[in-house]
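# Per-entry structural report
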Amino acid sequence: MDPFDSNNTERANLPRNMIENSMFEEEPDVVDLAKDSAAFPTFPALDPDEVVYEPRSSRLLVRGLGENELDEEEEDYESSARLLGMSFMNRSSAHRPSSSPYTRQAPPRSCSRPSARTMVVCVLFLVIVASMTMVLYFLPGCTFTRTGCPKSNSTTPIDPAYPNSTNGELFPWTELRLPASIRPLHYDLTLNPDLKTMTFTGHTVISMSVQHNTKRIVLHSAELNITKATFQLDDGKPSDVTVLEYKPRQQIAVKFTEELKAGQHLVLTLDYSANLSHNYDGFYNSSHTDKNGVKSVLAATQFEPLAARKAFPCFDEPAFKATFLVKISRESGYMTLSNMPKAKTTELPSGLLLDEFEKSSVNMSTYLVAFIVANFTSISENVSDTLVSVYSVPDKKEHTRFALKTASKLLQFYNNFFDKTYSLKKLDLVAIPDFLAGAMENWGLITFRETSLLVGNNSSRLEQQLVASVIAHELAHQWFGNLVTMSWWNDLWLNEGFATYMQYMSLQREFPELDTDNLFLAMRFRALAKDALNSSHPVIVKVDTAEQVLEMFDSVSYEKGASILLMLNASLPGEQFRKGIIEYLRKFSGLNTVTEDLWNSLTQAEVTPQHQSVSEMMKSWMLQKGFPLITVSRSKGQVTLTQEHFLLTADNTTRSSSLWHIPVTYVNDSCSLEPECKQLFTLKTASGTLKLPDNVKWLKLNYRNTGFYIVHYGDEGWKALIDALNQNISVLTHEDRASLIHNMFALSRLGRVTFRQVLSLLNYISNETDTAPVTEALSQLTTIYKLLDKRQELGLVARMKAYILNRFDSLICKQTWGEELSASKQKLRSALLESACSLDHPYCVQNATELYKQYLESNRTKQIPGDLQRLVFTVAARSDEGWVQVLQMYAHATYDAEKRKMLQALASTQDTRRIVWILKAVLNGETVQTQELPLVFSTVSNGFAGHLFTWNFIQENWNRLIEKFPVGSSAIQSIITSTTSQFSTQAHLDQVQGFFTSLKERGSQMRVVQEALETIRLNQCWMDRNLPAFRQWL
Ligand SMILES: [Zn+2]
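So, how was this worked out
- Residues numbered from 1 in each chain as written.
- Predicted model: local features only at pLDDT ≥ 70, side-chain atom pairs only at ≥ 80, totals over all residues.
- Heavy atoms only, no water.
- Helix = DSSP H or I, 4+ residues; strand = E, 2+ residues; numbered from the N terminus.
- Buried < 20%, exposed > 50% of the residue type's maximum accessible area, 1.4 Å probe, protein only.
- Areas by Shrake-Rupley, 256 points an atom, 1.4 Å probe, with all protein chains shown as cover.
- Disulfide = S-S within 2.5 Å.
- Salt bridge = Lys/Arg side-chain N within 4 Å of Asp/Glu carboxyl O.
- Phe/Tyr/Trp six-rings, centres within 6.5 Å; stacked < 30°, edge-to-face > 60°.
- Lys NZ or Arg CZ within 6 Å of the ring centre and 35° of its normal.
- Pairing = 2+ DSSP bridges.
- Axes fitted to C-alpha atoms, helices over the stretch in contact; angles between N-to-C directions.
- Core = buried A, V, L, I, M, F, W, Y, C linked by side-chain atoms within 4.5 Å.
- Domains from an automatic or database assignment.
- Contact = heavy atoms within 4.5 Å.
- Right-handed = clockwise from strand over helix to strand, strands pointing away.
- Parallel < 35°, antiparallel > 145°, perpendicular 65-115°, else oblique.
- Nonpolar A, V, L, I, M, F, W, Y, C, P; charged D, E, K, R; others polar.

### Thoughts on the overall build of the protein chain
When helices and strands are counted, the protein chain shows 31 helices and 29 strands. The buried share of the protein chain, reckoned over its 1034 residues, is 62%. When the accessible surface of the protein chain is summed, it comes to about 39100 Å², and 52% of that surface belongs to carbon and sulfur atoms.

Here you go:
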């Protein structure tokens, strides 16, 4: 899935937050891991049925690295548990709650050490709390229990904590993960959606086999009203059974008096009815209005990660792969689509038509199943025996050509690169009018947001870049994710990190004109900013609540995952990476895997005699959060590199002893541009030394920024690099120059360099003309500008503005305003001019106004270049008249890419009444689709007038927001980040903390809340530290 709103990543914050979106080989040793936790209810007899399903990963015992001072045995145990990421971890967490790295840490309150007075007060407070606790504890009749106090003392043993089903009977399962005793083999699904009543009925037949003796079948179902259930054992007669439901965990169960025996074959048939969802997951309804104002409704699905259970009862975990046969009834004016090609259509007695699709030729996870009922049109072409089609609403058929061309080319690329042909006979790409994520990789039926798939014939390269990126990502999933799937959501990065990496790699090779290299570089900078926070998490992390599953769809899984793969590929010789991938896909085709399987395949594919274990290197990157800072110190020919955790914290007390296995690359002044110049040094310990000729003037580490680390060159090292750049900027590649700028700002944030040093580096930028260094510098400076602005430091705001405009003035004035063909130049131009116009650069505002005037005068036939549309509409919408005009255009626009730019222009208004109007409009879904809410919030929050409104709006409308977007979802993450990341005062910190604490189960536990609080604290400290310097230097 691509949950991110790529249109939105340009507007970065400080730190730049991501804004925007089988192996059923059961083994005895798996079974032996049955829970023995005291906290876990004990069943009368411990049978293998009590083990949650985890096909293979328990074989793994990879030693972890990290902050914990565990002894070796404990360490092994802990780290394998991290990899397992499941209920077995309960045991560990119950015994050693404080040793787990996953425990949410209490955030530090301030950036300075506590004073002696504070210490005394704290000690007194602790003594009082301890005394009260002891008094309470010894109060007769009151025992502290997990459910709280009071509870009467009793000597009788505690009953197993089976919860009650909806009918009052005990529900026979207590875990989030399903038991391993039953394995689904095949689903026969019949769906009868009624698009008038927005309801559907379903008939699901599940064939299963018994893996271990058991007396129950437990599976998932959510919001389905089950009307009839029958059960058949082997060749016996079907009989009616009672289905128990436990809603909090979205599970249903059938209990048996006789044991089902391993090897038996079962069939469970369930009839049910439900409403089509009004949100964006499950089987949900959507609508569109055509050019003539005629509205049509449609129904589509979005199942990843936990919503297949909302459309049909199923074993809704990625490791329960099965085959599927789907039948859908429809009215004659509609068409249906599913993962497989249509096999036949029959007429039903009711007059409806029943489309039956071929039985899936592959085993699939439930989250990849999809179906659509709509009146779309399509264009198609054949690519290596696969029929590739792009579907859209009829009015937008002309916008599908680019997607078809791109998908076809990329399909061929992946067929070759993976040395394995795409598995199905057809591949549909469908643009859905209401769609929250960017896209979803359902096997054979990829669904997209319209703006992620459709581009006009005159689209700009940047629009094409976005669409091609999403297509490349989803196509990569057809292998990575669909063919080979992670066993559980803790290894989500195997899907998402890989698809993200492949998206950039494939586009770089097949569409170099789209200049996605710069996009990838900016993404890596973003990933570093997120991962520098103490609230970040290891790539592989324990996941055992539904919210935690949703939270895995974050920057770490996608962006850090992809960054690490790039670093690995860059450090492996020749074709080892690709060979390893091919071997991995061959070996695990159709199965589920854990991360170690990938490393093993990559190690076995080694092409050089010296053996290097990929796993050995990668575990330090996967199992601990964050990344290293390398500090360089040089004494003539001897260079010492030391590593430490680059950890941004607001207090000085947080310590980390994490070490990484770093493939350090470096170049120097004698040879710095070509790949052959690159030298490699492996740093595994806290420090290491390398030799250089004495006459080397400067050293640049992390060649082209392919490594996931930050470098501090020390005062002299920085000075040498800055001198070199001032003499000739071409001594380094543009990625290296951008990387220096990025690292310098990051070090400033960490407090390792002064802001004077930052400015000293930026002196060279007047000579800079390449996109990546300019956009990086602009983005960093704009972020600081916005912080000062929100802090109402008006004097400094004016000076910062003058500084930015002055630095980039000549480059701004060099920009042209006509059509520009190069993606890189479009990116440079739009970033520069958007900053310039937002800072009221007269040349920029004047040109934008002129362009808008011409556009109106030509009755909108004279197109504004795509990369300039957002800024031109934004400048236009500053006036009352212009805002109303843009709103009217927005209401009538049909081309989605353009429409979104108009929306951003409307949301960037500084008129508070209009801000309130637009926030309400998007929440109600009137005039503005609710799917645009994260984009509207981030745009409004960027403005001075709007940022407090959005924060108030969130607080007042929280319940409605989480009705539309689940707690933990990417949309909620984005909303929280964009509305809070520019706060930098204690008052705002207290407010944000107070509000989220009050939410309790409605969101207080989200990781993004910790991130938000930490970001505010960091902003606050950064301001405290730098405001005096700003006053002095700017
Ligand atoms: Zn994805």
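### A word on the state of the cysteines
Counting across every chain of the model gives 2 disulfides. Covalently, Cys671 is tied to Cys677 through a disulfide, its sulfur atoms 1.9 Å apart. Its S-S torsion of approximately -70° makes the covalent link between Cys671 and Cys677 left-handed. Note on Cys671: relative accessible area 32%, which makes it partly exposed. Classification of Cys677 as buried rests on a relative accessible area of 8%. Disulfide pairing places Cys837 opposite Cys844 at an S-S distance of 2.1 Å. On the S-S bond that ties Cys837 to Cys844, the torsion sits near -100°, and the link is left-handed. Classification of Cys837 as buried rests on a relative accessible area of 2%. Relative accessible area serves as the criterion here: at 0%, Cys844 is assigned to the buried category.

### Concerning the pattern of salt bridges
In the structure shown here, the tally under the stated rule is 39 salt bridges. Across the salt bridge formed by Arg449 and Glu932, the nearest N and O atoms sit 3.3 Å from each other. Separated by 483 residues along the polypeptide, Arg449 in strand β20 (residues 445-449) and Glu932 in the loop between α25 (912-924) and α26 (933-942) bring together distant segments of the chain. Looking at Arg449, the relative accessible area reads 6%, which means it is buried. For Glu932, a relative accessible area of 6% puts it in the buried group.

### Things to note about the packing of aromatic side chains
Within this structure, the stated rule accounts for 50 aromatic pairs. Look at Phe303 and Phe312: their rings are 6.0 Å apart centre to centre, the planes differ by 70°, and that puts the pair in the edge-to-face class. The interplanar angle of 45° and the centroid separation of 5.2 Å between the aromatic rings of Phe418 and Trp479 together place this pair among those described as tilted. Of this pair, Phe418 sits in the loop between α5 (401-417) and β18 (426-432) while Trp479 sits in the loop between α7 (461-477) and β21 (485-486), placing them 61 residues apart in sequence. The same class applies to Phe418 and to Trp479, which are both buried. A cation sits over an aromatic face here: Lys409 above Phe511, 4.7 Å from the ring centre. The positively charged end of Arg524 is found above the aromatic ring belonging to Phe520, 4.7 Å away from the centroid.

### Considerations on the sheet that holds strand β6 (residues 244-246)
Spatially, 3 strands are ordered β3-β7-β6 in an open sheet, and the strand pairing comes out antiparallel. Every other strand in the sheet has two partners, leaving β3 (214-220) and β6 as the edge strands with one partner each. Mean inter-strand twist for the sheet, computed between neighbouring axes without regard to direction, equals 30°. Note that β3 and strand β7 (residues 251-260) share 6 bridges and pair antiparallel. Within β7, the residue paired with Thr214 across the bridge is Leu260.

### Regarding the sheet that holds strand β28 (residues 699-701)
With antiparallel pairing, the 3 strands of this open sheet are ordered in space as β26-β25-β28. Of all strands in the sheet, those bounded by a partner on one side alone are β26 (679-683) and β28. This sheet shows a mean twist of 35° between the axes of neighbouring strands, independent of strand direction.

### What about the nonpolar core?
If you look at soluble globular proteins, the nonpolar side chains tend to sit buried side by side. Ranked by size, the top nonpolar core spans 311 residues in total, and within it Phe312 and Trp958 carry the most contacts. Counting the residues that make up this core, at least three belong to each of domain 1 (493-627) and domain 2 (909-1033). Here Phe312 is in contact with Tyr187, Leu189, Thr204, His220, Leu224, Tyr272, Phe303, Phe324 and Val369, once residues within four sequence places are set aside.

### Examining unusual backbone geometry
Look at the link from Glu304 to Pro305: it is a cis peptide, with omega at 0°. Position of Pro305 relative to the elements: it lies in the loop between β10 (295-302) and β11 (323-330). Phi is positive for Asp234, close to 45°, though the residue is something other than glycine. Structurally, the position occupied by Asp234 is in the loop between β4 (225-233) and β5 (239-240).

### What about the pairing of β18?
Here is the key point about a regular strand: its side chains alternate between the two faces of the sheet. With 7 of 7 residues buried, β18 lies mostly within the body of the structure. Every second residue of β18 is oriented toward a common face, with Lys426, Asp428, Val430 and Ile432 on one face and Leu427, Leu429 and Ala431 on the other, all of them buried. As paired strands, strand β17 (residues 386-392) and β18 are joined by 5 bridges and run parallel to one another. Looking at β18, one finds that Ser389 is bridged to Asp428. A crossover links β17 with its parallel partner β18, the connecting element being α5, and its sense is left-handed. Note that β18 and β20 share 5 bridges and pair parallel. Each residue of the ladder has a partner; that of Val430, found in β20, is Thr447.

### Description of the environment of Pro865
Tracing the chain through its elements places Pro865 in the loop between α21 (842-857) and α22 (866-876). When its relative accessible area of 4% is taken as the criterion, Pro865 is described as buried. Along the sequence, Pro865 and Ser459 sit 406 residues apart, while their C-alpha atoms lie 8.4 Å from each other. Contact partners of Pro865, with chain neighbours within four places excluded, come to Trp817, Gly818, Glu819, Arg829 and Leu851.

### A few points about the packing of α5 against helix α8 (residues 492-510)
Contact geometry of α5 with α8 gives a least axis separation of 11 Å together with a crossing angle of 110°. Viewed along their axes, α5 and α8 adopt a mutual orientation that is roughly perpendicular. Of α8, the residues touching α5 (which contributes Lys409, Leu410, Phe413, Tyr414 and Phe417) are Met502, Gln503, Met505, Ser506, Leu507, Arg509 and Glu510. Residue composition of the contact of α5 with α8, grouped by class: 7 nonpolar, 2 polar and 3 charged.

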